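# Descriptive structure summary
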Amino acid sequence: MNPDLQSLLNELHETGLHHDSQEQDRRKKLLNLEPDTARFLSVLLRSSHRTSVLEIGTSNGYSTIWLAWAMQQTGGHVVSIDREPHKQVMASENLHRAGLTGQVELICGDATEIIRSLQRPFDCVFFDADRSSAPEQLALLLPQLTPEALILADNVHSHPDEIAGYLHAIEQLPQFEHLVVPIGKGLSLAYRQGSQTAKKLL
């Protein structure tokens with residue numbers, strides 16, 4: 001990653017922390033991803049050669065930039081959904097500053113309803129928004145996931161009660177191996193090994 005992009009990410013992270021410390025309304029908070037978690041996601045996506053990522057929870061685009069930069073390296077693309085128009089305006093401006101608008105499609109609206117209308121395969125989904133809606137969104141997305149899909153969700157340790165329903169749903173999927181990575185606020189990681197990969201390993 002070039003120094004200018006890293007400097008922008010550092011700026012967005014610091015700005016987000018200051019903004020959230022002054023803001024009382026949760027819907028107006030930026031709630032950016034922890035830098036270590038963001039970097040881990042970027043390494044994970046690049047090393048596993050992901051090319052089609054769905055992010056649920058754009059905010060001001062901090063995490064989206066990390067995902068988009070990873071996709072720039074793999075030749076992939078990010079679809080990012082957020083229900084707050086003012087946040088997507090910020091995200092669009094920040095992606096422009098990062099030079100990564102070509103890697104991202106921003107969609108504004110209710111994520112559950114948008115997911116119902118999406119008709120494309122994803123090899124990675126990152127849940128970082130309304131945790132109570134995540135189980136339903138997961139169920140809707142399963143038919144669209146590629147055989148070797150990664151499913152990620154933040155805030156396992158910071159919001160255990162809110163994310164409990166999602167974790168229960170992900171643990172019921174028999175084809176997925178699930179673990180919680182103790183990084184940042186706790187990252188849920190689920191992986192489905194495709195049949196072709198499994199055959200190669202035998």
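Residues numbered from 1 in each chain as written. Predicted model: local features only at pLDDT ≥ 70, side-chain atom pairs only at ≥ 80, totals over all residues. Heavy atoms only, no water.

Let's shift gears to the overall build of the chain. Tallying secondary structure elements over the chain gives 8 helices and 7 strands in all. Expected size for 202 residues packed as a compact globule is a radius of gyration near 17 Å; at 16 Å, the chain falls within 12% of this value. Dimensions of the chain along its principal axes, counting C-alpha atoms only, are 50 × 35 × 35 Å. Counting over 202 residues, the chain shows a buried share of 50%. Partitioning the contacts of the chain with sequence separation of at least 6, the portion at a separation of at least 24 is 72%. If you sum the accessible surface of the chain, you get close to 9900 Å²; carbon and sulfur atoms cover 51% of it. Positive and negative charge centroids in the chain, built from 17 and 25 side chains respectively, lie 4 Å apart. (Helix = DSSP H or I, 4+ residues; strand = E, 2+ residues; numbered from the N terminus. Rg over C-alpha atoms; globule rule 2.2 N^0.38 Å. Buried < 20%, exposed > 50% of the residue type's maximum accessible area, 1.4 Å probe, protein only. Contact = heavy atoms within 4.5 Å. Areas by Shrake-Rupley, 256 points an atom, 1.4 Å probe, with all protein chains shown as cover. Lys, Arg positive; Asp, Glu negative; His and termini not counted. Charge placed at Lys NZ, Arg CZ, Asp CG, Glu CD.)

Below, the discussion takes up the nonpolar core. Leu-5, Ile-65, Leu-100 and Leu-152 are the most contacted members of the largest nonpolar core, which has 31 residues in total. Put simply, the parts of the chain that give this core at least two residues each are helix H1 (3-22), helix H2 (35-47), helix H3 (62-74), helix H4 (85-98), strand S4 (122-127), strand S5 (145-153) and strand S7 (187-192). In terms of residues, this core owes the most to one element, H3, which gives 8 residues. Not counting residues within four places of it along the chain, the set of residues in contact with Ile-65 comprises Leu-5, Leu-8, Leu-9, Leu-12, Asn-94, Leu-95, Ala-98 and Leu-100. Formed by 27 residues, the second largest nonpolar core is a distinct cluster that contains Ile-107, Ile-114, Ala-153 and Val-156. (Core = buried A, V, L, I, M, F, W, Y, C linked by side-chain atoms within 4.5 Å.)

All right, on to the side chain of Thr-64 then. Structurally, Thr-64 is set in helix H3. Judged by its relative accessible area of 0%, Thr-64 falls in the buried class. Of the polar contacts made by the side chain of Thr-64, one reaches the side chain of Glu-55; its length is 2.6 Å. Setting aside residues up to four positions removed in sequence, Thr-64 forms contacts with Glu-55, Thr-58, Ser-80, Leu-95 and Val-104. (Polar contact = N/O pair within 3.5 Å; in protein donor to acceptor, adjacent residues only side chain to side chain.)

Moving on, we get to the packing of aromatic side chains. Scanning the entire structure with this criterion turns up 1 aromatic pair. Note on Phe-127 and Tyr-166: the rings are 5.2 Å apart at their centroids and 55° apart in plane angle, and the pair reads as tilted. A residue pair is termed long-range when its members are at least 10 positions apart, and Phe-127 in strand S4 and Tyr-166 in helix H7 (residues 160-171) qualify at 39 residues. Residue class for Phe-127 comes out buried when judged on its relative accessible area of 6%. (Phe/Tyr/Trp six-rings, centres within 6.5 Å; stacked < 30°, edge-to-face > 60°.)

This part covers the sheet that holds S4. Taken in spatial order, the 7 strands make up an open sheet running S3-S2-S1-S4-S5-S7-S6, and their pairing is mixed. The two strands at the open ends of the sheet, each matched to only one other strand, are strand S3 (104-108) and strand S6 (176-181). Averaged over all neighbouring strand pairs, the angle between strand axes comes to 15°, with direction disregarded. Pairing of S4 with S5 involves 5 bridges; the strand directions are parallel. Bridge pairing links Val-125 to Ile-151 in S5. Across the sheet, H2 lies against strand S1 (52-56), S4, S5, S6 and S7, angled at about 10° from S7, the strand it touches most. (Pairing = 2+ DSSP bridges. Axes fitted to C-alpha atoms, helices over the stretch in contact; angles between N-to-C directions.)

Looking now at the packing of H2 against H3. At a minimum axis distance of 9 Å, the contact between H2 and H3 shows a crossing angle of 20°. Considering their axes alone, H2 and H3 lie roughly parallel with respect to each other. Considering how the two elements wind past one another, H2 and H3 form a crossing that is right-handed. Together, Pro-35, Ala-38, Arg-39, Leu-41, Ser-42, Leu-45 and Arg-46 of H2 and Tyr-62, Trp-66, Leu-67, Trp-69, Ala-70, Met-71, Gln-73 and Thr-74 of H3 make up the contact between the two elements. Of the residues belonging to the contact of H2 with H3, the class tally is 10 nonpolar, 3 polar and 2 charged. (Parallel < 35°, antiparallel > 145°, perpendicular 65-115°, else oblique. Left-handed = near helix turned anticlockwise from the far one by under 90°. Nonpolar A, V, L, I, M, F, W, Y, C, P; charged D, E, K, R; others polar.)

Attention now moves to the confidence of the model for the chain. When pLDDT is averaged along the chain, the result is 91, and 96% of the positions lie at 70 or above. Across residues 197-202, where pLDDT falls below 50, the model places 3 contacts with residues more than four positions away in sequence or in other chains. (pLDDT = per-residue confidence, 0-100.)

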